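Working through the structure, step by step
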Amino acid sequence: MKFNIDNGFLEYEIVGSGIPVLFIHGYPLSRKIWSPQLNNLSNMATTISVDLRGHGDSFPFDGPYTMDLLADDCIKLLDYLQVFSPVVVCGLSMGGYVIMAMYNKYPEYVKAMILTSTRPGPDSPEVKITRDISISSVHQHGSNLIADNMLPNLFSSVTLTEKLQLVNQIHSMMLNTSVQGLVGALQGIRDRPDSVPLLSQIRCPVLIIHGTDDKIVPINEAEMMEQQISNSHLVKIKNAGHLPNLEQPDIYNQTVRDFLRNQD
Ligand code: MLT
């Protein structure tokens, strides 16, 4: 379904009924990464998944996509859908950066958080340079190099050898991301603020989920968040890399179900 915004639109999907849960994907992916969760949770949750601007089937807006802008988009979608009670927000990687921006600006919208494969800190100066190199690569080659280079880093070695269909699906998803989406997100990620000071101010329940084999966001980031967020709990998933919800969906779903049951 389409939600018109800023002379373009966002694509979103609502499935199921129960406690509202907003799913926010990572870069450069789409809402489709959440299909195992939508299928599994629809008997206990109203699952809302959105393609962030420039990603999936949403309009390829020009960037930069600051984390505040992406959080504003999510809030506008919730208002449009008339979800007036606070929601559980579940984000992966960049989706987690968006959740932190959302909590900073609109804490009243957030009932609880599920932070998957994410980190609270900003990019280091060295990483900012690699973002600029990626932006030039996108201008020259489109999504090709980004998709090829990211692919092996997204998964555990078990997934890379045993779940080729999943690996290929994610490769196509990245290849299909628009140039505007890739550049807009890279600029926004590069310039995102430091959310570490926010951690001690988070008052809602927080579930942190991280793959033990994540090569993009090391697991010590998740351990640090668990230490600094008072009402938080970290679940580590073995044989999962950066996409534990897809690599180990049964464990991920059960973890989320147990958490949601306590939020009603
Ligand atoms: C993501 O998965 O959203 C990105 O890898 C985040 C990042 O590069 O910082």
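Now for a description of the structure that goes with this document. (Residues numbered from 1 in each chain as written. Predicted model: local features only at pLDDT ≥ 70, side-chain atom pairs only at ≥ 80, totals over all residues. Heavy atoms only, no water.)

**Here's the deal with the pairing of strand β2 (residues 8-15)**
Two elements, strand β1 (residues 2-5) and β2, share 4 bridges in a ladder whose sense is antiparallel. Of the residues in β2, the one forming a bridge with Lys2 is Glu11. Between β1 and β2, which pair antiparallel in sequence order, lie 2 residues; one of them, Asp6, sits at a positive phi of approximately 45°. Bridging between β2 and strand β4 (residues 45-50) involves 4 bridges; their strand directions are antiparallel. Residue pairing across strands places Glu13 opposite Ser49, the latter belonging to β4. (Pairing = 2+ DSSP bridges. Helix = DSSP H or I, 4+ residues; strand = E, 2+ residues; numbered from the N terminus.)

**Some words on the site of the ligand**
Residues in contact with the ligand, as listed here, are Gly26, Tyr27, Ser93, Met94, Tyr97, Arg119, Arg131, Met150, Ile189, Ile216 and His242. Contacts to the ligand include Tyr27, whose backbone N or O atom sits 2.8 Å from an oxygen atom. Between the ligand and Ser93, the relevant distance is 2.9 Å, taken from an oxygen atom to a side-chain nitrogen or oxygen of the residue. More than half of the atoms of the ligand fall within 2 Å of the grid points belonging to the largest pocket. Residues belonging to the shell around the ligand are distributed by class as follows: 6 nonpolar, 3 polar and 2 charged. (Near = heavy atom within 4 Å. Polar contact = N/O pair within 3.5 Å; in protein donor to acceptor, adjacent residues only side chain to side chain. 1 Å grid on protein atoms, 1.4 Å probe; cavity = no way out; pocket = protein on both sides within 12 Å on 5 of 7 lines; lining within 4 Å. Sits in = over half its atoms within 2 Å of the grid points. Nonpolar A, V, L, I, M, F, W, Y, C, P; charged D, E, K, R; others polar.)

**Details of the packing of helix α2 (residues 67-80) against helix α3 (residues 94-105)**
Where α2 contacts α3, the two axes come as close as 8 Å, and the packing angle between them is 75°. Here α2 lies roughly perpendicular to α3, going by the angle between them. The segment α2 lies against α3, with Met67, Asp68, Leu70, Ala71, Asp72, Cys74 and Ile75 engaging Met94, Tyr97, Val98, Ala101, Met102 and Lys105. Residues of the contact of α2 with α3, tallied by class, amount to 10 nonpolar, no polar and 3 charged. (Axes fitted to C-alpha atoms, helices over the stretch in contact; angles between N-to-C directions. Parallel < 35°, antiparallel > 145°, perpendicular 65-115°, else oblique. Contact = heavy atoms within 4.5 Å.)

**Some thoughts on the packing of aromatic side chains**
Each aromatic ring pair is specified by the distance between its two centres and by the angle formed by the two planes. The final tally for this structure, using the stated rule, is 6 aromatic pairs. An angle of 80° between the planes, with centres 5.9 Å apart, marks the rings of Tyr106 and Tyr109 as edge-to-face. Just as Tyr106 is buried, Tyr109 falls in that class too. Chaining the aromatic ring pairs together yields one cluster made of Phe3, Tyr12 and Tyr80. Positioned above the aromatic ring of Tyr97 is the side chain of Arg192, whose terminal nitrogen or guanidinium carbon lies 4.0 Å from the ring centre. (Phe/Tyr/Trp six-rings, centres within 6.5 Å; stacked < 30°, edge-to-face > 60°. Buried < 20%, exposed > 50% of the residue type's maximum accessible area, 1.4 Å probe, protein only. Lys NZ or Arg CZ within 6 Å of the ring centre and 35° of its normal.)

**A closer look at unusual backbone geometry**
The omega torsion across Tyr27 and Pro28 is -10°, close enough to zero to call that bond cis. Tracing the chain through its elements places Pro28 in the loop between β3 (19-24) and α1 (35-41). Cis rather than trans, the peptide bond between Gly63 and Pro64 has omega equal to -5°. Its location among the elements puts Pro64 in the loop between β4 and α2. At Asn7, a position not held by glycine, the phi torsion is positive, near 60°. Relative to the elements of secondary structure, Asn7 occurs in the loop between β1 and β2. The phi angle at Gln82 is positive, at roughly 55°, despite the residue not being glycine. The residue Gln82 is located in the loop between α2 and β5 (87-92) in this model.

**Brief notes about the layout of surface pockets**
Reported here for the largest pocket is a volume of approximately 570 Å³. Along its surface, the largest pocket is lined by 25 residues, and Tyr27, Thr130, Arg131, Met150 and Ile216 are the ones closest to its centre. Counting residues per element, the lining of the largest pocket draws most heavily on helix α4 (residues 125-141), at 6 residues. A breakdown of the residues in the lining of the largest pocket according to their chemical character gives 13 nonpolar, 8 polar and 4 charged. (Points joined across faces, edges and corners; volume = space filled by probe spheres on them.)

**Describing α2**
With 14 residues, α2 ought to run about 20 Å at 1.5 Å a step, and its terminal C-alpha atoms sit 20 Å apart, in line with that. Those residues of α2 lying buried are Met67, Leu70, Ala71, Asp72, Asp73, Cys74, Ile75, Leu77 and Leu78. Immediately downstream of α2, the backbone of Gln82 shows phi near 55°, a positive value. (Expected span 1.5 Å × (residues − 1).)

**So, the sheet that holds strand β8 (residues 232-237)**
Taken in spatial order, the 8 strands of this open sheet run β1-β2-β4-β3-β5-β6-β7-β8, and their pairing is mixed. The outermost strands of the open sheet, each flanked by one partner alone, are β1 and β8. Adjacent strand axes in the sheet meet at a mean angle of 20° when their direction is disregarded. Inspection of the sheet shows β3 paired to β5 by 4 bridges, in the parallel sense. Within the sheet, the bridge partner assigned to Phe23 lies in β5 and is Cys90.

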